[in-house]
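# Coordinate inspection notes
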Amino acid sequence: MMAVGTLSEQQVGQAANSLLEAYRTRAPIPPLTDQYRGATVTDAYRIQQYQIRAWTAAGDPVRGHKIGLASHAMQQQMGVHEPDFGHLTSHMFLSEHQPIDCGAFLQPRIEPEVAFVLKAPLRGPGVHVADAARAVDFVLPALEIVDSRIREWKISIFDTVADNASSGAVILGSTPAWLSDVDLSLAGCVLSKGGLIVETGAAAAVLGSPLNALAWLANTIGAMGVRLEPGHTVLSGSMTRALPASAGDSVTASIGGIGTVTAVFADPPWSTVADPIQAGQGAARRSGGR
């Protein structure tokens, strides 16, 4: 069970609005831990949820979740010791091979992951690996763009959780694989940039298997009264260290038994809106909403 929150509703709103302002201005903010000393991870998830409500109200619905910091490599790189999770909203899903504007992000990094697409709901507590496997429709190779609204990535677990687990965007591959056709605990990963291999890893680095990560997520959000929904996508966690992403980069992840996925970064005038409020309002206007 998570620790009890210590921040008032006013403080939660203040912290969340500072993060929302960072999206709008593209200007990172100092670590939240500097201002909210003694705040708990529960408080951080309250700040995260405040932002999710703002985005969904603006017309940018939740389409899945991401698990962050699931591997030892990522925990060591970020200086934390436990996984976290964030939400994936509709505007975060980008098309493979289509130019991505680095200027739409603040401090982008990229990492390879196994993505689950669900066919059945999952809600903890009590979810185990067999339950998780039954709920999976198919798996896809994925690249996640992680980004931080916290200046210079100087994050604690509180900062990254409050900042929607440092979510940015996701690029899914186009080669669905059946779970029965691949042993995820043995799947290897090669991450290439500009045709050169820069990182290698294994799905086993993600809590022993990405399926373990999926069960962890279902149980963790279940304790908050939330379930994973059919049709939603779940990113199971990075298999390697995160790499900085820059304009002109072409990054490909090859995951054994699943396939490949490529992200291409371009210079302006290509534009990918990274502000969920703006993206949601645009979607609402296109659909005739308010």
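Each value, and the rule that gives it
- Residues numbered from 1 in each chain as written.
- Predicted model: local features only at pLDDT ≥ 70, side-chain atom pairs only at ≥ 80, totals over all residues.
- Heavy atoms only, no water.
- Pairing = 2+ DSSP bridges.
- Helix = DSSP H or I, 4+ residues; strand = E, 2+ residues; numbered from the N terminus.
- Axes fitted to C-alpha atoms, helices over the stretch in contact; angles between N-to-C directions.
- Phe/Tyr/Trp six-rings, centres within 6.5 Å; stacked < 30°, edge-to-face > 60°.
- Buried < 20%, exposed > 50% of the residue type's maximum accessible area, 1.4 Å probe, protein only.
- Salt bridge = Lys/Arg side-chain N within 4 Å of Asp/Glu carboxyl O.
- Parallel < 35°, antiparallel > 145°, perpendicular 65-115°, else oblique.
- Left-handed = near helix turned anticlockwise from the far one by under 90°.
- Contact = heavy atoms within 4.5 Å.
- Nonpolar A, V, L, I, M, F, W, Y, C, P; charged D, E, K, R; others polar.
- Polar contact = N/O pair within 3.5 Å; in protein donor to acceptor, adjacent residues only side chain to side chain.

## Observations concerning the sheet that holds strand E4 (residues 99-101)
Taken together, the five strands give an open sheet; going across it, the order is E4-E13-E12-E8-E9, and neighbouring strands pair in mixed fashion. Looking at which strands have only one partner, the edges of the open sheet turn out to be E4 and strand E9 (196-202). For this sheet, the mean inter-axis angle between neighbouring strands, taken without regard to orientation, is 25°. In this sheet, strand E13 (residues 259-266) lies alongside strand E12 (residues 250-255) in antiparallel orientation, the contact comprising six bridges.

## Structural notes on the packing of aromatic side chains
Counted by the stated rule, this structure contains two aromatic pairs. Between the aromatic rings of Tyr-23 and Trp-55, the centroid separation amounts to 5.5 Å while the plane-to-plane angle is 90°, which identifies the pairing as edge-to-face. With Tyr-23 in helix H1 (residues 9-25) and Trp-55 in helix H2 (residues 41-57), the pair connects residues that are 32 residues apart, well separated along the chain. What makes Trp-55 buried here is its relative accessible area of 0%.

## As for the pattern of salt bridges
Enumeration over the complete set of coordinates arrives at eleven salt bridges. Across the pair Glu-21 and Arg-24 runs a salt bridge, and its minimum N-O distance is 3.2 Å. Here Glu-21 and its partner Arg-24 are both found in helix H1, three residues apart, which amounts to about one turn of the helix. The exposure class of Glu-21 is partly exposed, given its relative accessible area of 37%. Note that Arg-241 is salt-bridged to Glu-199, the shortest N-O span being 2.6 Å. With Arg-241 in the loop between strand E10 (233-238) and strand E11 (243-244) and Glu-199 in strand E9, this residue pair connects regions lying 42 residues apart in the sequence.

## Some details on the packing of H1 against H2
A packed helix pair is summarised by two numbers, namely the angle formed by the two axes and the spacing between the axes. With their axes 9 Å apart at the nearest point, H1 and H2 run at an angle of 60° to one another. By the criterion of interaxial angle, the relationship of H1 to H2 is oblique. The two elements H1 and H2 cross, and the hand of that crossing is right-handed. Here H1 contributes Glu-9, Val-12, Gly-13, Ala-15, Ala-16, Asn-17, Leu-19, Leu-20 and Tyr-23 to the contact with H2, which in turn contributes Arg-46, Ile-47, Tyr-50, Gln-51, Ala-54 and Trp-55. Looking at the contact of H1 with H2 residue by residue, the classes come out as ten nonpolar, three polar and two charged.

## Details of the pairing of E12
Across the two faces of E12 the burial differs, with Val-251, Ala-253 and Ile-255 buried and Ser-250, Thr-252 and Ser-254 not buried at all. Alignment of strand E8 (residues 188-193) against E12, held across five bridges, turns out to be antiparallel. Each residue of the ladder has a partner; that of Lys-193, found in E12, is Val-251. Joining the antiparallel neighbours E12 and E13 is a turn of three residues, in which Gly-257 adopts a positive phi near 80°.

## Observations concerning the side chain of Ser-166
If you trace the backbone, Ser-166 turns up in the loop between helix H5 (157-162) and strand E7 (167-172). Those residues in contact with Ser-166 that sit more than four places away from it in its chain are Lys-66, Val-146, Asp-147, Arg-149, Trp-153, Ile-155 and Thr-160.

## Notes on the side chain of Asp-249
With respect to the secondary-structure elements, Asp-249 resides in the loop between E11 and E12. Asp-249 sits in the buried class, given a relative accessible area of 14%. Looking at Asp-249, its side chain comes within polar contact range of the main-chain nitrogen of Ser-246, at 2.8 Å. When residues no more than four places from it in sequence are discounted, the contact partners of Asp-249 are Lys-193, Pro-244, Ala-263, Val-264 and Phe-265.

## Examining unusual backbone geometry
The amide bond that connects Gly-124 to the next residue, Pro-125, takes the cis arrangement and shows omega of 5°. One non-glycine residue, Arg-26, lies in the positive phi region at around 60°. Unlike most non-glycine residues, Ala-165 shows phi in positive territory, near 55°. Mapped onto the elements of the fold, Ala-165 is located in the loop between H5 and E7.

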